[in-house]
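Chain by chain, the residues run as shown.
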Amino acid sequence: MHSNMPPKVDPRFKVAHKEAMIGVALVIFNFIWWFGFAYGLGKGDPADYQFVFGLPAWFFYSCVVGLVVMIVLVTFVVKVFFTDMSLEEEEEEHV
Amino acid sequence: MNAEALVPLIILLVIIFVAGLWASRYMTSSTSFLQDYFLGGRSMGGFVLAMTMTATYGSASSFIGGPGVAYDKGLGWVLLAMSQVATGYFVLMVLGKKFAIVTRRYQSVTMVDFLKSRYQSVWVVILSAISIILFLFSLMAVQWIGGARLIESLTGLSYMSALFIFAVSVLVYVTIGGFRAVALTDAIQGTIMFIGTLILLIAVIIAGGGIPNIIADLQAENPNLITPYGPDRALSPTYVSSFWILVGVGVVALPQIAIRAMAYKSTRSMHRAIIIGTVVVGFIMLNMHLIGVFARPILPGIEVGDKVMPLIALEVMPAWLAGAVLAAPMAAIMSTVDSLLLLVSSSVIKDVYLNYINPRASNKTIKRMSIGMTALLGVIVFMMAIDPPQLIIWLNLFGFGGLEAVFLWPVIMGLYWKKGNKYGALTSMGVGFGLYVLSHYFYPNPFGLHTVVIPVVAGFIAYVVASLITVKKTGLATDI
């Protein structure tokens with residue numbers, strides 16, 4: 001590894017990195033939900049499909065419920081885990 | 001099309017025009033013309049930020065083309081389109097506060113500015129500027145043609161007159177109003193897109209006799225239309241999933257989107273924009289593509305996909321309402337074109353002219369040059385749209401995917417990995433773009449994936465390997 005110590009890291013970056021990771025986690029969850037319901041429920045013969053509100057169950061859970069779940073989840077995550085901070089250049093800002 | 005339907009469309013154009021002019025009043029009092037004209041002085045609030053991202057992203061291809069393809073492919077295409085929900089939160093979360101902080105520190109005005117400060121390399125700047133100018137110019141020219149065609153089909157005017165109306169209305173507010181006018185008109189256009197698709201979906205469901213009825217009709221025609229696999233079962237899970245790269249997470253690297261992630265005012269506006277953006281993108285994508293599928297039993301046998309949206313609107317609604325709803329695709333096209341125009345102009349002025357031709361230009365010269373360049377580019381696009389040259393068509397083929405293959409890793413890794421350096425960035429750009437073009441011609445859809453996937457993966461490996469080999473020479477990045 002490279003020996004010389006890096007200069008002091010902006011403490012805001014720690015928060016920013018955490019939030020970026022939350023974004024990655026959300027998109028992975030979103031993908032699994034979308035894929036799981038679509039192909040899990042949709043792979044059979046359309047003659048045997050279940051219907052919810054007139055839509056095929058795979059579509060209803062994957063796309064309609066999936067969207068609502070993501071909106072609720074994103075709202076929750078932003079309200080609870082995202083931190084307000086100044087974006088301008090300031091020395092010695094605390095987190 | 002009758003006069004009654006034209007009135008709402010004309011009202012839309014007037015409102016946008018006035019809003020653009022109103023926004024341009026702020027320009028006069030500015031101290032830094034560049035920051036103001038190309039970034040709106042980094043003052044966007046949450047609602048405008050969410051709307052301008054959505055509207056810039058939702059273009060003619062998704063708005064006119066999307067429902068047309070959904071009409072042919074059924075619910076499987078709506079499933080594919082829903083991969084775009086991710087763009088609503090992912091872009092702002094991942095570029096996030098770090099991009100906003102770092103670009104303020106560097107005082108970047110364009111995405112290339114950021115790459116220049118991060119990598120300190122002339123070649124990175126030149127290659128990036130060339131990619132942006134070529135790709136976005138072609139994307140823009142094709143949108144421009146779409147806009148004129150839409151006016152042509154709605155009004156019965158000739159293609160030339162339609163193109164002229166479209167060009168003049170966009171050019172005036174972009175040229176004099178800059179980013180602020182673009183963002184403000186995007187917010188209006190995004191709202192129209194959201195409400196317009198919702199009204200049209202409801203009207204289509206009523207006209208089709210309710211959702212169960214419509215689904216039963218589709219199932220009777222071809223049961224595969226209500227499966228995730230498409231009418232001929234050709235939409236494989238691998239192929240559909242790979243769109244999560246092209247139109248989902250890869251969108252982070254589109255310069256017209258990334259630029260917005262450095263132009264918001266505060267973390268509060270960013271938080272609001274993430275929530276609003278997810279709601280708006282999600283509902284627009286779901287509703288718009290469902291309209292296409294549900295239109296099938298109501299109006300069977302439409303041959304040209306692009307006509308599905310206008311025809312179904314006129315079929316299921318009174319003329320004046322159809323006109324108002326058809327303002328939505330018009331708004332989608334305008335809001336994409338205006339952003340691209342401004343971005344290409346910023347790249348020419350900031351990345352090329354100020355970097356290499358005249359670094360000491362005065363504020364006044366910059367102002368004259370910027371406005372002049374925006375207008376000039378608009379005129380060139382106008383002329384190209386009259387008779388599009390082959391090169392434009394060719395470049396447009398690579399549009400989104402090409403930009404993503406070039407920029408994804410230099411931007412993301414540049415932001416989060418200290419060991420990343422200019423050699424990594426250049427290798428990644430070359431490998432990503434080269435593979436994309438080669439694969440497009442010789443081996444499209446390798447392993448059943450969309451063409452963009454392999455170049456993006458290879459670009460990542462190239463970035464990491466080249467950076468690790470050369471990091472001793474360049475040292476670690478200190479300011480990220």
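Look a little higher up for the structure.
Residues numbered from 1 in each chain as written. Chains lettered and ligands numbered in written order. Predicted model: local features only at pLDDT ≥ 70, side-chain atom pairs only at ≥ 80, totals over all residues. Heavy atoms only, no water.

A. Inspection of the overall build of chain A at higher detail. Counting its regular elements, chain A contains 2 helices and 2 strands. Burial analysis of chain A (95 residues in total) assigns 42% to the buried set. When contacts within chain A are restricted to residue pairs at least 6 apart in sequence, those whose partners lie at least 24 apart make up 67%. (Helix = DSSP H or I, 4+ residues; strand = E, 2+ residues; numbered from the N terminus. Buried < 20%, exposed > 50% of the residue type's maximum accessible area, 1.4 Å probe, protein only. Contact = heavy atoms within 4.5 Å.)

B. Inspection of the packing of helix H9 (residues 159-207) of chain B against helix H15 (residues 319-357) of chain B at higher detail. Residue and element names in this part refer to chain B. For the pair H9 and H15, interaxial distance at closest approach is 6 Å and the crossing angle is 140°. One way to sum up the angle between H9 and H15 is to call them oblique. The way H9 lies across H15 gives a crossing that is left-handed. When its residues are assigned to classes, the contact of H9 with H15 shows 23 nonpolar, 7 polar and 2 charged. (Axes fitted to C-alpha atoms, helices over the stretch in contact; angles between N-to-C directions. Parallel < 35°, antiparallel > 145°, perpendicular 65-115°, else oblique. Left-handed = near helix turned anticlockwise from the far one by under 90°. Nonpolar A, V, L, I, M, F, W, Y, C, P; charged D, E, K, R; others polar.)

C. Broad picture of the environment of Ile10 of chain B. Residues and elements named next belong to chain B. Counting through the fold element by element, Ile10 comes out in helix H1 (residues 3-24). The exposure class assigned to Ile10 is partly exposed, which follows from its relative accessible area of 48%. Distance in space between the C-alpha atoms of Ile10 and Trp77 is 33 Å, their sequence separation being 67 residues.

D. Up close: the interface of chain B and chain A. Chain B puts 57 residues into the contact, and the matching count from chain A is 50 residues. Counting the surface lost from both chain B and chain A, the interface buries some 4600 Å², and carbon and sulfur atoms represent 76% of this. Taken as a group, Leu79, Met93 and Trp244 of chain B account for 14% of the area that chain B buries against chain A, more than any other trio of residues on that side. For the pair chain B and chain A, the interface holds 3 salt bridges. Its salt-bridge partner being Lys97 of chain B, residue Glu19 of chain A comes within 2.7 Å of it at the nearest N-O pair. Inspection of the region where chain B meets chain A yields 12 residue pairs in polar contact (both at pLDDT 80 or more). When contributions to the side of chain B that touches chain A are tallied by element, the ones reaching two or more residues are helix H5 (75-81), helix H6 (85-106), helix H10 (211-221), helix H11 (237-248), helix H13 (267-298) and helix H19 (453-474) of chain B. The element best represented in the side of chain B that touches chain A is H6 of chain B, accounting for 13 residues. Among the residues forming the side of chain B that touches chain A, the class breakdown is 35 nonpolar, 12 polar and 10 charged. (Buried area = accessible area lost by both parts, 1.4 Å probe. Salt bridge = Lys/Arg side-chain N within 4 Å of Asp/Glu carboxyl O. Polar contact = N/O pair within 3.5 Å; in protein donor to acceptor, adjacent residues only side chain to side chain.)

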